[in-house]
Amino acid sequence: MPTRHLGKLDVGAQGLGCMGMSDFYGSGDETESIATVHRALDLGVTLLDTSDMYGYGANEELVGRAIAGRRDDVVLATKFGVVRAEEDSMARSVRGDAEYVRQACEASLRRLGVDHIDLYQQHRVDPAVDIEETVAALAELVAAGKVRHLGLSEASADTIRRAHAVHPITSVQTEWSLWSRTIEDEVVPVCRELGIGIVPYSPLGRGILTGRYRSTDDFEKDDFRRTSQPRFAEGNLERNLEFVRALEELARARGVTAGQLALAWVHSHGDDVVPIPGTKKRSRLEENVAAVDISLSAADVAAIEQAVPADQIAGERYSPDRMSLLE
């Protein structure tokens, strides 16, 4: 797999999002999940992304077991800052104070079973804490050797600029796909001005752009797309599937899958862009990785964007309470 650059951090051109192995997307299979991580490393995927809130820490533990004995093959990324209520798994709060940053890092190191985190990312910006305080605490972790590089997630252009002035920010993780393109106006330009890489999560639109889903009945009962994702709600989903069918037609003409074409579109945005499609199955991983080799012309990109016009997607990215956590 070719290498791309997140700031001064070199990684494989496509990473692997590990969240779904433990949470949100229905039941998991630890044996298959670990086999998927191993297959990813064999294929040249180096960036593995998790968070302390996925499965209340269970995902970090799973990733730690998966990389045991292969630590040198991995650029290990995790996140902190989103606190889930014990009594309600869907309730959220955000913390970015210095004390919490230190506590969260120590806890993640223990769960992952490692002595350092390659890319430590603030999952959501805490509006009650100056970003300068959060990043100063993160810089202390870098100085102590517990963290190598710093990242932000779903941060505004102004916050990115302020954070970078305290300590170099290596990457910004945010949703970016054919149906989520809001970062293109301000966030992408400031990242490129400052030499910060971009890590798109949900580059397949939470799976919808693969063409594998036709109704909410296709999701397991505990899959959060059934209940808390407006774009999958009744009425919105039917409208959005019209765009997926148009994407499928373009993909068939090229002899690839709709998901591969959607991923190739993300890859086409530059060598500082490293998407992290999530999966818990080796077969899907292999399909996703193959998208790295798809080259798109300007005309191809235009046709894809015409098939899936971002300004016509029905529904918000998240429910109102989740949207309030985004900058």
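Each remark here, short or long, concerns the structure printed above.
Here the structure is a predicted model, which means the values were calculated and not measured. Throughout this description, residue numbers start from 1 for each chain and increase along the sequence as written. In view of the model being predicted, local features appear only for residues whose pLDDT reaches at least 70, and side-chain atom pairs are presented and counted only at 80 or more, with totals across whole chains, interfaces and linings using the full set of residues. Water and hydrogen atoms were dropped before computing side-chain values, which therefore reflect all heavy atoms in the structure.

Some details on the overall build of the chain
- In this description a helix means any DSSP run of H or I spanning at least four residues, a strand means any run of E spanning at least two, and both kinds are numbered starting from the N terminus. Of the regular secondary structure elements, the chain holds 11 helices and 11 strands.
- Taken over C-alpha atoms, the radius of gyration comes to 19 Å for the chain, in line with the 20 Å a tight globule of 327 residues would show.
- Burial analysis of the chain (327 residues in total) assigns 59% to the buried set.
- Per element, the accessible surface of the chain, about 13300 Å² overall, is 47% carbon and sulfur.
- His residues and chain termini do not enter the charge count, which takes Lys and Arg as positive and Asp and Glu as negative. Throughout, a charge is located at the NZ atom of Lys, the CZ atom of Arg, the CG atom of Asp or the CD atom of Glu. Considering the chain, the positive charge centre built from 37 side chains and the negative charge centre built from 53 side chains are found 3 Å apart. Atoms counted for the radius of gyration: C-alpha only. Globule rule: 2.2 Å times residue count to the power 0.38. Exposure classes here rest on a 1.4 Å probe applied to the protein chains alone. A residue is buried below 20% of its type maximum, exposed above 50%, and partly exposed in between. The Shrake-Rupley method, run with a 1.4 Å probe sphere, supplies the accessible areas, and residue values consider only the shown protein chains as cover.

Focus on the sheet that holds strand E9 (residues 147–153)
- Pairs of strands are assigned from DSSP output, requiring at least two bridges between the strands. Read from one edge of the open sheet, 7 strands run E3-E4-E5-E8-E9-E10-E11, paired in parallel fashion. A single partner strand is all that each edge strand has here, and the edge strands are strand E3 (16–17) and strand E11 (197–201).
- Taken together, the 5 bridges between strand E8 (residues 117–122) and E9 define a ladder with parallel strand orientation. Bridging from a neighbouring strand, Leu-119 pairs with His-149 of E9.

What to know about helix H5 (residues 157–166)
- Those residues of H5 not exposed but buried are Ala-157, Thr-159, Ile-160 and Ala-163. Taken around the axis of H5, the buried residues stretch over an arc of 155°, which confines them to a single face.
- On the buried face of H5, the contacting elements are helix H4 (131–143), E9, strand E10 (171–175) and helix H6 (187–194). For this quantity, the arc is that covered by the directions from the helix axis to the C-beta atoms. Only heavy atoms matter for contacts: two residues are in contact if any of them lie within 4.5 Å across the pair.

Here's the deal with the nonpolar core
- Grouped together as the largest cluster of nonpolar side chains are 80 residues, with contacts concentrated most on Leu-16, Tyr-120, Ile-160, Ile-208 and Leu-247.
- For Leu-16, the contacting residues outside a window of four places in its chain are Met-21, Val-37, Ala-40, Val-45, Leu-47, Leu-48, Asp-49, Ile-276, Pro-277, Thr-279 and Leu-285.
- We call a set of buried Ala, Val, Leu, Ile, Met, Phe, Trp, Tyr and Cys residues a nonpolar core when their side-chain atoms join them within 4.5 Å. Core analysis: the second largest hydrophobic core is formed by 11 residues, Leu-47, Val-75, Ala-77 and Tyr-201 among them.

Details of helix H2 (residues 58–67)
- Within H2, 7 of the 10 residues are buried, which leaves it mostly tucked inside the rest of the structure.
- Three or more residues of H2 are buried, namely Asn-59, Glu-60, Leu-62, Val-63, Gly-64, Ala-66 and Ile-67.
- Gly-69 lies just past H2 and shows a positive phi near 90°.

A few points about the pattern of salt bridges
- The salt bridge definition used is simple: a Lys or Arg side-chain nitrogen within 4 Å of an Asp or Glu carboxyl oxygen. In this structure the tally under the stated criterion is 22 salt bridges.
- In this structure, Asp-42 engages Arg-70 in a salt bridge whose closest nitrogen and oxygen atoms are separated by 3.1 Å. Of this pair, Asp-42 sits in helix H1 (residues 30–42) while Arg-70 sits in the loop between H2 and strand E5 (75–80), and the two are 28 residues apart along the sequence.
- The exposure class assigned to Arg-70 is partly exposed, which follows from its relative accessible area of 22%.
- Of the charged contacts in the structure, one is a salt bridge between Asp-97 and Arg-95, with a shortest N-O distance of 2.9 Å.
- Given the relative accessible area of 17%, Asp-97 is considered buried.
- For Arg-95, a relative accessible area of 30% corresponds to the partly exposed category.
- One continuous salt-bridge network, built from bridges that share partners, spans Asp-42, Arg-70 and Asp-73.

A closer look at the side chain of Thr-78
- Structurally, Thr-78 can be placed in strand E5.
- Judged by its relative accessible area of 0%, Thr-78 falls in the buried class.
- Polar contact criterion, stated in full: a pair of N or O atoms within 3.5 Å, where within protein one must be able to donate a hydrogen and the other to accept it, and residues adjacent in sequence count only if both atoms are side-chain atoms. A polar contact of 2.6 Å, which involves the side chain of Thr-78, links it to the side chain of Glu-60.

Distances and angles like these do not, on their own, reveal function.
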